[in-house]
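# Structural overview
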Amino acid sequence: MSHIIFDDQRIELDEGQTVLSGLLDHHYDIPNSCRSGVCQTCLMQAVDGEIPEIAQVGLKDTLKAQGYFLACSCVPQTPLRVVTTQADVLRCSATVINQTLLSKNVLRLRLKPEHTYEYRAGQYLTVWKTATIGRSYSLASVAELDDFLELHIRRIPNGIVSNWLHDTVKTGDILQIQAATGNCFYIPGSPEQKILLAGTGTGLAPLIGIARDALLQGHTGDIHLIHGATQMDDLYLHQALLDMAMQHHQFHYHTSVLQADHVTPQISTVPLEQQSIDVAVNPADWRIYLCGDVNMINGLKRKLFIAGASMNNIYSDPFVGSVDTNPTNPDTHPNIDIKVEQA
Ligand code: FES
């Protein structure tokens, strides 16, 4: 057992209890979302004491050096004095410049950040509704091609943030966003290597960003993108991806629709897992990106590994639900991305 000092209060922690859990138990309103150590919404700073290494995984070295840590993955072994961060440590303003409904449930949101915003297509950022409520969404835009940030927002039943973005936020509004993070993006090198991009739902957002980035950077190997959907309407960028396949001979677009009302050469009902195995013959030679439903990712990762894929070549971006203190508000917050590991 250890304790933390926060707001001049000594707070005892139970065995194995995190800093975040201890503070929430004492009714402090600490921003948080995934509680899995990946979205970085629970960033805090230690001003005295030893930070467990795991509580700084994924943070930039500059932040680590200043004592920043993730409260949801911090179980201190010795007393720790902690403070909340300045809101502007990782946040900046961005103006909504375009909102387009891509399907019944998916909104395309384009934002113009007020300052230069560094990111790689496929990473994710947190959009803040209030100072303490934020959700993460993947970046479909490519910094070198687009002068905006593009997010695909799926409406989640009772979702606090997704419904706000769909129904309340308007063009011209200024939102608070957080610095981009995540390791699921295209890394230049081995341009001839084959690439498999497989994802469900708005897992398409990072995948299309990664594909565009790879093409921009001169990738010559075949790039196969498989979009898994429940219904036809969920193929929310179908025509754009068909067009992309027409424009780039090395880019190939596949669909997997569970409840297709018809089957065509472009509309397949073969399950996404099966298509991935069929497409990535000899997966040991492939670079693989998996985004979307966490169960799909875990299952597919296992199958690809058994088929010979190297875990070092698998990048994943599983979407998990946020952990909300109000269980009636299960806003999904996509994009917990963890390379290989971690989904
Ligand atoms: Fe702590 Fe997501 S990283 S809540």
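Before reading on, note that the structure itself is shown above.
Residues numbered from 1 in each chain as written. Predicted model: local features only at pLDDT ≥ 70, side-chain atom pairs only at ≥ 80, totals over all residues. Heavy atoms only, no water.

### Overview of the packing of helix α6 (residues 272-279) against helix α7 (residues 294-306)
At a minimum axis separation of 10 Å, α6 and α7 run at an interaxial angle of 30 degrees. Considered as vectors, α6 and α7 are oriented roughly parallel to each other. Our pair here, α6 against α7, has a crossing hand that is right-handed. Contacts between α6 and α7 involve L272, E273, S276 and I277 from the former and M296, G299, L300, K303 and L304 from the latter. (Axes fitted to C-alpha atoms, helices over the stretch in contact; angles between N-to-C directions. Helix = DSSP H or I, 4+ residues; strand = E, 2+ residues; numbered from the N terminus. Parallel < 35°, antiparallel > 145°, perpendicular 65-115°, else oblique. Left-handed = near helix turned anticlockwise from the far one by under 90°. Contact = heavy atoms within 4.5 Å.)

### Side note on the sheet that holds strand β3 (residues 43-48)
What the five strands build is an open sheet, ordered β2-β1-β5-β3-β4; its pairing is mixed. In the strand order of this sheet, the two ends are held by β2 (9-13) and β4 (68-70), each with one partner. Averaged over neighbouring strand pairs, the angle between their axes works out to 40 degrees when direction is ignored. In this sheet, strand β5 (residues 80-84) lies alongside strand β1 (residues 2-6) in parallel orientation, the contact comprising three bridges. Bridged to F6 within β5 is V82. (Pairing = 2+ DSSP bridges.)

### A closer look at the side chain of Q123
Turning to its location among the elements, Q123 is positioned in the loop between β7 (106-113) and β8 (124-128). A polar contact of 2.8 Å, which involves the side chain of Q123, links it to the backbone oxygen of G182. If near-sequence neighbours (up to four positions away) are discounted, Q123 is found in contact with Y137, S138, L139, A180, T181, G182, C184 and F185. (Polar contact = N/O pair within 3.5 Å; in protein donor to acceptor, adjacent residues only side chain to side chain.)

### A closer look at the environment of V169
Among the secondary structure elements, V169 is positioned in the loop between α3 (160-167) and β11 (174-178). V169 gets classed as buried once you look at its relative accessible area, which sits at 5%. As a C-alpha pair, V169 and A214 span 45 residues in sequence and 32 Å in three-dimensional space. Apart from the residues within four sequence positions on either side, V169 is in contact with V96, Q99, W164 and L175. (Buried < 20%, exposed > 50% of the residue type's maximum accessible area, 1.4 Å probe, protein only.)

### Section: the pattern of salt bridges
Within this structure, the stated rule accounts for nine salt bridges. With its nearest N and O atoms 2.4 Å apart, the salt bridge here joins R10 to E12. According to the relative accessible area criterion, R10 is exposed, its value standing at 53%. Across the salt bridge formed by K170 and D173, the nearest N and O atoms sit 3.7 Å from each other. Judged by relative accessible area, D173 falls into the partly exposed class, the value being 23%. (Salt bridge = Lys/Arg side-chain N within 4 Å of Asp/Glu carboxyl O.)

Without other data, these values stay purely geometric and don't point to any function.
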